[in-house]
Amino acid sequence: MSQQIVEIDIEKLVLWTENPRDPIDSNADDQAITNKAWQNAEEKWNLLKLAKEMRSHYDLSELPTVVMQNDKPIVYDGNRRMILAKLKHGCVSLEGFDIAVLPEIPKTIPCNVCSKKIAIENVFRKHGDSGSWSPLDRDIFVFKFMGESKSLFLKLDEATGIISSNPHLNKGFVKKEIFNNEKLKDIGLDFKGDKLYSKHTKNETKAILEDISNKVAQKIITTRESRGNVIGVLDKENRVIIENNINNQPKNLHFKTTGIIIPKEETKKRTSRTKKNASVLFNGDLYLKPGTVSDLYRDIVDLYEYYLQNKSYLSQYFPRLIRMALRLLVETASNDSRSSSMEKYVENNFAKAKKELDVDNKTTLSTQNVTESTLVQLLHIGAHNYSATSNIEQTIAISIILGKMLTITHGK
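This one's a predicted model, so the numbers in the text were calculated from it and none came from an experiment. (Residues numbered from 1 in each chain as written. Predicted model: local features only at pLDDT ≥ 70, side-chain atom pairs only at ≥ 80, totals over all residues. Heavy atoms only, no water.)

### Here's the deal with the overall build of the protein
From N to C terminus, the protein includes 19 helices and eight strands. Among the 412 residues that make up the protein, the fraction classed as buried is 48%. Within the protein, contacts between residues at least 6 apart in sequence are counted, and of these 69% link residues at least 24 apart. Just so you have it, the protein exposes about 22100 Å², and 47% of that area is on carbon and sulfur atoms. (Helix = DSSP H or I, 4+ residues; strand = E, 2+ residues; numbered from the N terminus. Buried < 20%, exposed > 50% of the residue type's maximum accessible area, 1.4 Å probe, protein only. Contact = heavy atoms within 4.5 Å. Areas by Shrake-Rupley, 256 points an atom, 1.4 Å probe, with all protein chains shown as cover.)

Spelled out as structure tokens, the structure:
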């Protein structure tokens, strides 16, 4: 028998404990499943809404999908409707549920009785891509019942608990644009098989993931805002962790089964940060002598303005273009001032330029490790595809000292 329409008593039908909508302990009975559905913790069941949508009568054209297991008819699809049917006929009960809202439902209904394989295929066809399941529900289903490999999204949740503990992360755009292989590697995380490896300590990894969770909860990262720019919106201390650990060898991390939990109350109570003004490239306008150096300087400022206005739509790698442009600017300035090399240009002008900076700007340089001995190296890596070149804060710091140097050599 592949599929067969069979009439079955509502009382005999058994609700599915492994329902992807909200799985429960395999030993749970129909009443326990009904109680959980009524709690509707993540608004997955909505029994009252369904009862109203059914209107005056039960639609017999919507057949429950049933699999016979140990002579018991298990409902693989149609569990919400069967809960309402069981409530109607007193098979289960709920305090506070008014059965008067239910339509007429026969005590015996036609069911599509089929093999488990066909049931799984039918359930997935109806729900897999319809939006009725969350991305994590879908990934669990295809792994557990369809023999597919675990998705990266599922592996991350099994390793940390962060997605199942934070429903605001259980979204399609989070799976595709934040917790994908490329973005995880950018923040120092990777998987070998099912095991999570990190370039950071457990506490550092937790802090970074919590920060991402908060940014999504606070809608700092959405499908419209900061799209794809994960590192760029993190708190400064977490960006520094990622930068400082970039060359570390990844180590296997194991979180407890409680995972990384961000209480909903904490997220709701937080006051939004005061919106910060964007840092200014070169620490303000430069007034340079007409020529190639001045033209390049103005082009870079325009490029940075474009970045500020469009970074929600740009990739996180766009700042690398600005870093590369700074290197070109210094090369041009060194040639124009007849310095034998970039190194010589920096050697001749760095110390004098730094003396003209105020305390805050000197601190910025120190924080971003911009010194006379590191500046040329930082500019050189701008010509390569290194993750460090995406650090816009360090790029800003480089531009501050370059602004003073250019004023010395090319100022009006």
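### Examining the sheet that holds strand β1 (residues 3-9)
The five strands lie next to each other as β1-β5-β3-β4-β2, forming an open sheet whose pairing is mixed. Of all the strands in the sheet, the pair left with one neighbour each is β1 and β2 (14-15). Of the strand pairs in this sheet, strand β3 (residues 65-69) and strand β4 (residues 72-77) are connected by five bridges, and their pairing is antiparallel. Residue pairing for β4: V66 is matched across the bridge by V75. On the sheet, helix α3 (residues 79-88) packs against β2, β4 and β5 (108-114) and is oriented at approximately 125 degrees with respect to β4. (Pairing = 2+ DSSP bridges. Axes fitted to C-alpha atoms, helices over the stretch in contact; angles between N-to-C directions.)

### Focus: the packing of helix α14 (residues 292-310) against helix α15 (residues 319-336)
α15 packs onto α14 with a crossing angle of 170 degrees between their chain directions and a minimal axis gap of 10 Å. Judged by the angle between their axes, α14 and α15 are roughly antiparallel. The residues of α15 that touch α14, namely those facing T292, V293, L296, Y297, I300, L303, Y304 and Y307, are P319, L321, I322, A325, L326, L328, L329, T332, A333 and D336. (Parallel < 35°, antiparallel > 145°, perpendicular 65-115°, else oblique.)

### Section: the pattern of salt bridges
Applying the stated rule across the entire model yields 13 salt bridges. Note that K150 is salt-bridged to D194, the shortest N-O span being 3.3 Å. Placement of K150 in the loop between α5 (135-146) and α6 (152-160) and of D194 in the loop between β6 (189-192) and β7 (195-198) is noted, with a sequence separation of 44 residues between them. In the salt-bridge network here, residues are joined through shared partners; they are K150, E158 and D194. (Salt bridge = Lys/Arg side-chain N within 4 Å of Asp/Glu carboxyl O.)

### Some thoughts on the side chain of N349
As for its position among the elements, N349 is in helix α16 (residues 342-355). When its relative accessible area of 10% is taken as the criterion, N349 is described as buried. Residues within four places of N349 in sequence aside, it is in contact with M405, I408 and T409.

### What about the packing of aromatic side chains?
In the structure shown here, the tally under the stated rule is 10 aromatic pairs. Considering the side-chain rings of W16 and Y76, the 4.1 Å spacing of their centres and the 20 degrees angle between planes classify their relative orientation as stacked. You can see W16 sitting in the loop between β2 and α1 (30-39) and its partner Y76 sitting in strand β4, a full 60 residues away along the chain. Residue W16 is classed as buried on the basis of its relative accessible area of 4%. Given the relative accessible area of 3%, Y76 is considered buried. Measuring from ring centre to ring centre gives 5.3 Å for W38 and F97, while their planes differ by 75 degrees; the resulting arrangement is edge-to-face. Highlighted residues: W38 in helix α1 and F97 in the loop between α3 and β5, separated in sequence by 59 residues. Relative accessible area serves as the criterion here: at 29%, W38 is assigned to the partly exposed category. Taking the relative accessible area as the measure of exposure, F97 reaches 8% and is therefore buried. Put simply, the rings of W16, Y76, F124, W133, F141 and F145 touch in pairs and so form one group of aromatic residues. The cationic tip of K192 hangs over the ring face of Y197; the distance from NZ or CZ to the ring centre is 4.6 Å. (Phe/Tyr/Trp six-rings, centres within 6.5 Å; stacked < 30°, edge-to-face > 60°. Lys NZ or Arg CZ within 6 Å of the ring centre and 35° of its normal.)

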